[in-house]
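A structural walkthrough
As a plain string of letters, each chain reads:
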Amino acid sequence: MANKISDETIEYVGILAKLELSGEEKEKAKADMERMLDYIDTLNELDTEGVEPMSHVFPVHNVFREDVASYKDGSTDTLANAPLKKDNSFKVPKTIG
Amino acid sequence: MDITSLTAVELGKKIRAKEISVAEAVKASFDQIERVERDVHSFVTIDKEGAFKRAGEIQKQIDDGSLQSPLAGVPVAVKDNMCTKDMLTTCSSKILQNFKPAYTAEAVRNLEKAGAVIIGKTNMDEFAMGSTTETSYFGATRNPWNLGHVPGGSSGGSCAAVAAEESPYALGSDTGGSIRQPSAFCGVVGIKPTYGTVSRYGLIAYGSSLDQIGPVAKDVTDCAVILEVIAGHDPKDSTSIDRNIYIHSASAETNGLKAGSPNLAGYDFTGALKEDVAGMRIGIPRDYFGEGLDAEVKEKILAAVRELEVRGAVAEEFDLSLVQYAIPAYYVIASAEASSNLARFDGVKYGCRTEEYEGLHNMYKKTRSEGFGEEVKRRIMLGSFVLSSGYYDAYYLKALRTKALIKQAFDQAFAKYDVIIAPAAPTTAPELGKSLSDPMKMYLSDIYTISVNLAGLPGISIPVGRDSKGLPVGMQIIGNCFEEHKIIRAAYTLEQTRSYERPESAGMRGEGGDR
C-alpha cells in the first residue's frame, strides 16, 4: 500500500498550496507525504459504506440577519497592516497584461 | 504576601476587598516575569506600559463599584493566536511578526469587559501546529518544572506562564489537545469547552471545525469562573451555539441530550463546583490504557480514579473502539482546513511580503515559502493534497465519515457513563529537541486528546501527581457535549483530595509555597 508521490504531484500540490520548494525541500516533502498517506490509509480498514460525512458535530443552519451595516468604515485600520498600499488600497504587482 | 501564588479568583477577591491594588497585582506579575522569563520564555509580547495604564482605569471602576466581576483587575496572558487590537498578534510565525490587529477577539473582549488586565501574548507552536511549542519562530518555551523539557503545545506559553506564576491565568486554544496536553505537562488545569461554546471570532483559524478557546489556570474553580466569562453566543461566529436555546431544541435530543435538562448545560459553570461524585458513572476506555502508555502515568491516573470511587463514583472499563483511527482522520481534516485557512497569508493584506518578486503569483509563493515554518508548510501541503480533485473522496470524505463513526462511539459511551477518564498524554513532558525530528511520533502523542475535538466534546486536564523525574502527570476528564458541569464536578471533587504543587521556578524567591 506504500504511497508514491511523483515529481509532478509534488509540483502540482506546490501550486495549490502556493509554496515554492527547493529541490531538497521537495524530496523531503515527498517522503513526508508518502509516510503520512501510508498512515492515513489505515482508515481504509474501516467500513464507512453508507456513513454520511460529518463536517459539523451539531446540525448547523444558515444564520440570517437583516442587511444592515454594523461596521463603520474601517479602511484606515484595515490598511494599517498592508505591506504596501496606495490611494487607500492594497498595492499588489500588476496582474493583467 | 506572595501575590503570584494566588489563584485568579483569590486574587480577584483581594483586589475587590482593597487588600491588593490592581497595580500591585500587575506589578507582581511583571516582577515574576523579570525573574523567570529568561529561563521559561512563555511570552512573545509583554505589554508593561499598556497593562499599568489599564490597571489604573480598572482600579477606578472597581473603586466606584461599576466593576464587580471575579476577574476584575486580575492580570491575564493571552495566547498569541487571538487578535488583540493594536497589540502584536503573531501566531508565533515569521509571516505575522509585525501584525497588529484592527480588532480584538470576542473571547478576549469578554475578559476585558470583566476588567481583566492583559499583560502579554504567549508563545505557541507556529499557527498552533505542534505539540511542544518548539515550532515557534521566536524560539521554544521551556517547562517550568524542568527547563530541559518542553511545556507541551501548542498552548505551551500559556500553560508555562501559569505554572511559573508569571500570570494568574491564561487563555489557550485547543484544536487537537493544545490546551489539555500542555496543561498536563505543566501541572496546571485547562478546559477545552464543547465546540461552539466560546466564540472563535478573532481567533486566527487553524482547523475551524475543531478549534476552541479555553481557560488555563491553577485550579478548577478558576477555570469554571473564566469559562463563564468568556463563553457566550456570538452572532459574529456562525458556529457559535446559544447553549440556552440549543439544550431545549429537538436537535439536542439527537445528540443524546434530554430536552429541558437542567440549566447547568447552559452557561452556569461555577454552579458545578461541588464536591460530589456520588453515583457518578465513570467510563475507563481500555483502549486508552494499553500499549504506548507510560506505566507511571497509568498508575497515577488509576489512583485518581480510585479516589473518586472512594467518594462514591462508579468506575468501569469499556471498549471505546476506533481509537487508532482518530489521528489519521484528524490530520486529514485539520490539514485540509489549515490549507484553506492559511491561504489568507499572501503578503497583501497583512504580515510580511518577500523583498523581491516577479508578478503576483511569484510574490505569493515567495512570501509564503519564506514566512511559514517547516511544520506549517508540511500541513498546508498535505491539506492541499487531500482536497485536490481525485483525492478528495478517498481522503477528505473518508476522514469525515470516520469522524461520524467516532462521534457515534462516544454517543454510545455517554449513554452508559457520565464522564470518561483518560490520560491527557501517553508520557510526561519530553526533553527539548527530541520531538521535531520525527513528526509522526509527535502526532501520535496526541492520541488521547484528538478524538475529543473530532466529536466536539468538552474535556478538562487536571494534575494528578508527578512521575519519578518530578514532572507533572495530567488526567483528562471527558464529558458529553454541553456537559461541562459533570467534568467540572468530577475534577473539583478530585482536586479537594490534593494540594496544588508549584514548580521550584515559581517559588524561587524562597517564600513558602503554602497556598
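Residues numbered from 1 in each chain as written. Chains lettered and ligands numbered in written order. Predicted model: local features only at pLDDT ≥ 70, side-chain atom pairs only at ≥ 80, totals over all residues. Heavy atoms only, no water.

**Quick notes on the overall build of chain A**
Quick note on the threshold: Under the DSSP-based scheme used, a helix requires at least four consecutive residues in state H or I and a strand at least two consecutive residues in state E, with every element numbered from the N terminus. With C-alpha atoms as the basis for the radius of gyration, the globule rule is written as 2.2 Å multiplied by the number of residues raised to the power 0.38.
Across its full length, chain A holds three helices and two strands. Counting from the amino terminus, helix and strand elements in chain A follow one another as α-α-α-β-β. Relative to the compact-globule value of 13 Å for 97 residues, chain A shows a C-alpha radius of gyration of 23 Å, a clear excess of over 25%. Taken along its principal axes, the extent of the C-alpha atoms in chain A is 55 × 45 × 25 Å.

**Brief notes about the side chain of N341 of chain B**
All names here are of chain B. Inclusion rule: Only protein chains enter the calculation, and the probe is 1.4 Å; a residue is then buried if its accessible area is under 20% of its type maximum, exposed if over 50%, and partly exposed in between. In this description, contact between two residues means that some pair of their heavy atoms is separated by no more than 4.5 Å.
Residue position: N341 is located in helix α11 (residues 323–341). Among the residues examined, N341 registers a relative accessible area of 10% and is labelled buried. Beyond its immediate stretch of four places on either side in the chain, N341 contacts A205, Y206, G207 and S208.

**Looking at the state of the cysteines**
All names here are of chain B. Here is the rule: Only a pair of cysteine sulfur atoms within 2.5 Å counts as a disulfide in this structure description.
Per the counting criterion, the structure on display carries zero disulfides over all chains. Note on C83: no disulfide assigned, nearest cysteine sulfur contributed by C91 at a separation of 7.8 Å. Among the cysteines around C159, which has no disulfide bond, C186 carries the closest sulfur, lying 5.4 Å off. Exposure remark for C159: the relative accessible area of 0% places this residue in the buried category.

**Re the packing of helix α1 (residues 7–17) of chain A against helix α2 (residues 23–40) of chain A**
Residue and element names in this part refer to chain A. Condition: Lines fitted to the C-alpha atoms define the axes, with helices restricted to the stretch that makes contact. Angles between their N-to-C directions range from 0 to 180 degrees. Note that the term roughly parallel is reserved for angles under 35 degrees, roughly antiparallel for angles over 145, roughly perpendicular for angles of 65 to 115, and oblique for everything else. Following the grouping adopted for this structure description, the nonpolar residues are Ala, Val, Leu, Ile, Met, Phe, Trp, Tyr, Cys and Pro, the charged ones are Asp, Glu, Lys and Arg, and the polar ones are all others, Gly among them.
Here α1 crosses α2 at 100°, and the two axes come no closer than 10 Å. With respect to each other, α1 and α2 are oriented roughly perpendicular. Where α1 approaches α2, its residues D7, I10, E11 and V13 are matched on the opposing element by K26, E27, A29, K30 and M33. Tallied by class, residues from the contact of α1 with α2 come to four nonpolar, no polar and five charged.

**Quick look at the confidence of the model for chain B**
Test applied: The quantity known as pLDDT measures the predictor's confidence residue by residue, on a range of 0 to 100.
Here chain B shows a mean pLDDT of 94. Residues at 70 or above account for 95%. Every residue in residues 509–515 of chain B is under pLDDT 50, and counting partners more than four places away or in other chains gives 15 contacts.

**Remarks on the sheet that holds strand β6 (residues 212–217) of chain B**
In sheet architecture, strand pairing relies on hydrogen bonds along the backbone and comes in two forms, parallel and antiparallel. Residue and element names in this part refer to chain B. To keep it simple, the criterion reads: Should DSSP find at least two bridges between two strands, the strands are regarded as paired.
Taken in spatial order, the 11 strands of this open sheet run β1-β3-β2-β4-β6-β5-β10-β11-β9-β7-β8, and their pairing is mixed. Two strands close off the open sheet at either side, each with one partner strand: β1 (43–46) and β8 (314–318). Averaged over all neighbouring strand pairs, the angle between strand axes comes to 30°, with direction disregarded. Pairing geometry for strand β7 (residues 281–285) and β8, over five bridges, is parallel. Bridge pairing in β8 places R281 opposite V314.

**Focus on the pattern of salt bridges**
A side chain of one charge can pair with a side chain of the opposite charge when the charged atoms of the two come close. What counts, and what does not: Within this document, salt bridges are pairs made up of a side-chain nitrogen of Lys or Arg and a carboxyl oxygen of Asp or Glu, the two lying within 4 Å of each other.
Counted according to the given criterion, the structure contains 37 salt bridges over all chains. The salt bridge involving R378 of chain B is made with D32 of chain A; its shortest N-O contact spans 2.5 Å. In this pair, R378 of chain B sits in helix α13 (residues 374–387) while D32 of chain A sits in helix α2, so the two residues belong to two different chains. Classification of R378 of chain B as buried rests on a relative accessible area of 13%. Residue K486 of chain B pairs with E483 of chain B through a salt bridge whose shortest N-O separation is 3.2 Å. A relative accessible area of 15% places K486 of chain B in the buried class.

**Observations regarding the interface of chain A and chain B**
Definition in use: The term polar contact refers here to a pair of N or O atoms within 3.5 Å; inside protein, the definition further demands a hydrogen-donor-capable atom paired with an acceptor-capable atom, and it admits residues adjacent in sequence only when both atoms are side-chain atoms.
At the interface, 54 residues of chain A touch 72 residues of chain B. Remark: the boundary between chain A and chain B carries five salt bridges. Residue E25 of chain A pairs with K377 of chain B through a salt bridge whose shortest N-O separation is 3.5 Å. Joining chain A to chain B, the criterion identifies 15 residue pairs in polar contact (both at pLDDT 80 or more). When residues of the side of chain A that touches chain B are traced back to their parent elements, those giving at least two are α1, α2 and α3 (75–79) of chain A. Ranked by residue count, the leading element in the side of chain A that touches chain B is α2 of chain A, at 10 residues.

**Remarks on the packing of aromatic side chains**
All names here are of chain B. Rules: Centres within 6.5 Å make a pair out of two Phe, Tyr or Trp rings, where for Trp the six-membered ring is used; the pair is then stacked when the planes are under 30 degrees apart, edge-to-face when over 60, and tilted otherwise. Our definition puts a charge over a ring when NZ of Lys or CZ of Arg is within 6 Å of the ring centre and also within 35 degrees of the ring normal.
Per the stated rule, a full pass over the model turns up 17 aromatic pairs over all chains. Between the aromatic rings of Y331 and Y443, the centroid separation amounts to 4.0 Å while the plane-to-plane angle is 25°, which identifies the pairing as stacked. Residue Y331 is located in helix α11, and its partner Y443 is located in helix α15 (residues 439–444); the two are separated by 112 residues in the primary sequence. Classification of Y331 as buried rests on a relative accessible area of 2%. Here Y391 and Y395 contribute two aromatic rings whose centre-to-centre distance is 6.3 Å and whose plane-to-plane angle is 35°, an arrangement assigned as tilted. Among the residues examined, Y391 registers a relative accessible area of 33% and is labelled partly exposed. Among the aromatic residues, those joined into a cluster by ring pairs are F99, F127, F345, Y350 and F372. Across the ring face of Y201, the terminal group of K236 is positioned such that the distance to the ring centre comes to 4.9 Å. The ring of Y267 carries the charged tip of R243 above its face, separated from the ring centre by 6.0 Å.

**Remarks on the nonpolar core**
Basically, it comes down to this: Residues grouped as a nonpolar core are buried Ala, Val, Leu, Ile, Met, Phe, Trp, Tyr and Cys residues, joined through side-chain atoms within 4.5 Å.
In this structure, F127, Y169 and I477 of chain B are the most contacted members of the largest nonpolar core, which totals 184 residues. The contacts of F127 of chain B, once residues within four sequence positions are left out, are C91, S93, I95, L96, I204, Y206, L342, F345, F372 and V376 of chain B.

**A word on the pairing of β6 of chain B**
Residue and element names in this part refer to chain B. Taken across its six residues, β6 has six buried, putting it largely inside the fold. Relative to β6, strand β4 (residues 169–174) runs antiparallel, the two being bridged by six bridges. Bridge pairing in β6 places Y169 opposite A217. Sheet topology places strand β5 (residues 189–192) next to β6; two bridges connect them, and they run antiparallel. Among the inter-strand pairings, V189 is bridged to a residue of β6, identified as A217.

**Looking at the pairing of strand β11 (residues 472–479) of chain B**
Residues and elements named next belong to chain B. For β11, the tally of buried residues reaches eight of eight residues, placing the bulk of the element in the interior. Burial along β11 is two-sided: P472, G474, Q476 and I478 and V473, M475, I477 and G479, pointing in opposite directions, are all buried. As defined by bridge partners, strand β9 (residues 419–423) adjoins β11 across five bridges and the pair is classed as antiparallel. From the neighbouring strand, I421 faces β11, where its bridge partner is I477. Of the pairings in the sheet, the one linking strand β10 (residues 459–466) to β11 comprises six bridges and is antiparallel in character. Bridge pairing in β11 links S461 to Q476. Where β10 hands over to β11, the hairpin turn is made up of five residues, of which G470 adopts a positive phi near 90°.

**Some points on the confidence of the model for chain A**
Confidence along chain A averages 91 in pLDDT terms, with 98% of residues attaining 70 or more. Across chain A, element-level confidence peaks in α1 of chain A with a mean pLDDT of 95 and bottoms out in α3 of chain A with 90.

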